[in-house]
Amino acid sequence: MRKIVIAGNWKMHKTQAESLEFLQALLPHLTETSDDREVVLCAPFTALSALSKSLHGSLIRVGAQNIHWEDQGAYTGEISGAMLTELGVRYVVVGHSERRQYFGETDETVNLRLKAAQKHGLIPILCVGETKQQRDAGETEAVISRQIEQDLVGVDQQQLVIAYEPIWAIGTGDTCESSEANRVIGLIRSQLKNPQVSIQYGGSVKPDNIDEIMAQPEIDGALVGGASLQPEGFARIVNFQ
Ligand code: PGA
């Protein structure tokens, strides 16, 4: 059985105090949530410790948004696997398009980060997706296939979540048609050695489109940016029908 994983990606939002406030507002909405759903909050590094302590014993897992491939060293601004696991972190987003676009992340560094995450017992959420230009040029399948092939070299497919995030759908309100997301996710699955990997859809997921997205047979969850910042809205997404 493929696990359902609903993850919030807070990006560079929320101080520690704001994170705890969010949690207080979210938790009462999750008392009826079935435990076959994994709920993850991928927060800024500064909020991980406080979140982790407040979540102890709850169903929610804490996730980070980056991890370096070395265990330690002269890498100003980076964070190691041990630094994350010490705080109770369980997941880490790797290869998000914003990191590929603005911070020079390549398929090679994504691959190194994925392997480092697994080495430290973290479950990486690998993000892949095409730009609008690539989609318009009919290159979607080739781009995704290349990312999957290069990013997953030597990566354990038992401890992995993948998120299909078409870049043109991120933060734009322009959600990918759920049937199209289902099609691309099916293609991704066909390229995997382990067909049981949970594959999420991400890109303008909202309370009013989550039910339709999750009704698609290939889609095992969602990676939610903007709509994960509001506790009521995120609760509605987690509690999809
Ligand atoms: P969005 O972001 O939900 O705000 O479109 C998704 C993501 O970047 O993971």
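Each remark here, short or long, concerns the structure printed above.
Thresholds, definitions, all that
Residues numbered from 1 in each chain as written. Predicted model: local features only at pLDDT ≥ 70, side-chain atom pairs only at ≥ 80, totals over all residues. Heavy atoms only, no water. Phe/Tyr/Trp six-rings, centres within 6.5 Å; stacked < 30°, edge-to-face > 60°. Helix = DSSP H or I, 4+ residues; strand = E, 2+ residues; numbered from the N terminus. Buried < 20%, exposed > 50% of the residue type's maximum accessible area, 1.4 Å probe, protein only. Core = buried A, V, L, I, M, F, W, Y, C linked by side-chain atoms within 4.5 Å. Near = heavy atom within 4 Å. Polar contact = N/O pair within 3.5 Å; in protein donor to acceptor, adjacent residues only side chain to side chain. Areas by Shrake-Rupley, 256 points an atom, 1.4 Å probe, with all protein chains shown as cover. Nonpolar A, V, L, I, M, F, W, Y, C, P; charged D, E, K, R; others polar.

1. What about the packing of aromatic side chains?
Centre-to-centre distance and the angle between the planes together describe a pair of aromatic rings. Following the criterion strictly, the structure yields four aromatic pairs and no others. Between the aromatic rings of Phe22 and Phe234, the centroid separation amounts to 6.4 Å while the plane-to-plane angle is 45 degrees, which identifies the pairing as tilted. Pair noted here: Phe22 is in helix α1 (residues 16-26) and Phe234 is in helix α10 (residues 231-238), with a separation of 212 residues, a long-range link. A relative accessible area of 3% means that Phe22 is categorised as buried. For Phe234, a relative accessible area of 0% translates into the label buried.

2. Examining the nonpolar core
Grouped together as the largest cluster of nonpolar side chains are 61 residues, with contacts concentrated most on Leu152, Ile162, Ile188, Tyr201 and Phe234. Formed by 12 residues, the second largest nonpolar core is a distinct cluster that contains Val5, Val40, Tyr91 and Val93.

3. Examining the site of the ligand
Inspection of the region around the ligand gives 13 residues, with Lys11, His96, Glu165, Gly171 and Ser204 positioned closest. Take Lys11: an N or O atom from its side chain is 2.7 Å from an oxygen atom of the ligand. Within the backbone of Gly225, one N or O atom sits 2.8 Å away from an oxygen atom of the ligand. Protein chains shield 95% of the accessible area of the ligand, which is 280 Å² for the free molecule. Class assignment of the residues belonging to the shell around the ligand gives a composition of four nonpolar, seven polar and two charged.

Purely spatial values, then, with no claim about function.
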